[in-house]
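Summary of structural features
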Amino acid sequence: MELQERLNEVRSHIAGAERQAGRKAGSVQLVAVSKTFDANQIRPAISAGQRVFGENRVQESQGKWPELKAETPGIELHLIGPLQSNKAADAVALFDVIETVDREKIARALADEMKRQDKAVRLYVQVNTGLESQKAGITPDDTVAFVDLCRNELGLSIEGLMCIPPAEENPGPHFALLAKLAQQAGVEKLSMGMSSDYEIAVAFGATNVRVGSAIFGAR
């Protein structure tokens, strides 16, 4: 199957999941995860009308996205991988949305850089819903207080929450927990769901789904 066909299939599945959940058509944004794929492999998705993309690494993204963004106005680039504070300046310069704010040090570095560059990047707090030691993210218990700190002390606009459920567990309870935390924290957006479970995420209220291999193929 060609990339455009796979992309259209994912879009169709999202639309079907929206209908089944009784949600408004177009309420879920598809973030096409293009990590590890080069510019020539990404261009067919852009040609097919996809404008929102996700990347895991700042340095890899710097090698392809400035050119792609220059070619096609209106692209929205999300950082969905862990961010180190020494990469904050580069991340603010390149990305439109950073979904992986997970500790105070990163939040402060981003606040400083956005002031310095006079650029407002949209931010999500990453929540470690499974309390996995190897995975980034703020704990569920600390999420509401952390969002408050980002907003009230650092002046950051937190748009939503993001999670990556444990691979071996049913994702539904994790998506439900993230939705509950978002309500408690007063944030509107939920970035949850990947190639294997994005339709489930839509049922639990996802506003962004991050889909890579189902569009671009195996890495």
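Computed from a predicted structure; not experimentally measured.

Here we come to the UniProt feature "modified residue: N6-(pyridoxal phosphate)lysine" (unreviewed entry) in the protein. What UniProt calls "modified residue: N6-(pyridoxal phosphate)lysine" (unreviewed entry) maps, in this numbering, to Lys35. Its location among the elements puts Lys35 in the loop between strand E1 (29–33) and helix H2 (39–47).

On to the layout of surface pockets, then. The calculated volume of the largest pocket comes to roughly 330 Å³. Lining the largest pocket are 19 residues, with Lys35, Asn56, Ile80, Ile164 and Met194 sitting closest to its centre. Broken down by class, the residue content of the lining of the largest pocket amounts to 8 nonpolar, 7 polar and 4 charged.

Quick look at helix H6 (residues 104–117) now. Here H6 spans 20 Å end to end across 14 residues, near enough to the 20 Å set by a 1.5 Å rise per residue. Within H6 the residues assigned to the buried category are Ile106, Ala107, Ala109, Leu110, Ala111, Glu113 and Met114. The secondary structure elements touched by the buried residues of H6 are helix H5 (88–94), strand E4 (97–101), strand E5 (122–127) and helix H7 (143–153). Asp118 sits one or two positions beyond H6 and adopts a positive phi of about 50°.

Phe53, Ile98, Leu110 and Val209 are the most contacted members of the largest nonpolar core, which totals 64 residues. Top element by residues in this core is H6. It accounts for 6 residues. The residues contacting Phe53, other than those within four sequence positions of it, are Val31, Ala32, Ser34, Ile42, Ala45, Ile46, Trp65, Ile75, Glu76, Leu77, His78 and Phe216.

Glancing now at the UniProt feature "domain: Alanine racemase N-terminal" (unreviewed entry) in the protein. Under the feature "domain: Alanine racemase N-terminal" (unreviewed entry), the UniProt entry names residues 21–218. Helix and strand shares over residues 21–218 are 39% and 19% respectively, and the end C-alpha atoms of the span are 29 Å apart.

We now examine the packing of H6 against H7. Viewed as axis vectors pointing N to C, H6 and H7 meet at an angle of 25°, and their least axial separation amounts to 11 Å. With respect to each other, H6 and H7 are oriented roughly parallel. By crossing handedness, the relation of H6 to H7 is classed as right-handed. On the side of H6, the interface is formed by Glu104, Ala107 and Arg108, while H7 contributes Phe146, Leu149, Cys150 and Glu153.

Of the positions making up H7, those classed as buried are Thr143, Phe146, Val147 and Cys150. Seen end-on, H7 carries its buried residues on one side only, within an arc spanning 100°. Turned more than 90 degrees away from the buried face of H7, the exposed residues are Ala145 and Asn152. Where H7 is buried, its residues meet E4, H6, E5, strand E6 (158–163) and helix H8 (172–185).

The rules behind each value
- Residues numbered from 1 in each chain as written.
- Predicted model: local features only at pLDDT ≥ 70, side-chain atom pairs only at ≥ 80, totals over all residues.
- Heavy atoms only, no water.
- UniProt positions renumbered as here; feature names shortened; annotations may be inferred.
- Helix = DSSP H or I, 4+ residues; strand = E, 2+ residues; numbered from the N terminus.
- 1 Å grid on protein atoms, 1.4 Å probe; cavity = no way out; pocket = protein on both sides within 12 Å on 5 of 7 lines; lining within 4 Å.
- Points joined across faces, edges and corners; volume = space filled by probe spheres on them.
- Nonpolar A, V, L, I, M, F, W, Y, C, P; charged D, E, K, R; others polar.
- Expected span 1.5 Å × (residues − 1).
- Buried < 20%, exposed > 50% of the residue type's maximum accessible area, 1.4 Å probe, protein only.
- Contact = heavy atoms within 4.5 Å.
- Core = buried A, V, L, I, M, F, W, Y, C linked by side-chain atoms within 4.5 Å.
- Axes fitted to C-alpha atoms, helices over the stretch in contact; angles between N-to-C directions.
- Parallel < 35°, antiparallel > 145°, perpendicular 65-115°, else oblique.
- Left-handed = near helix turned anticlockwise from the far one by under 90°.
- Arc of directions from axis to C-beta.

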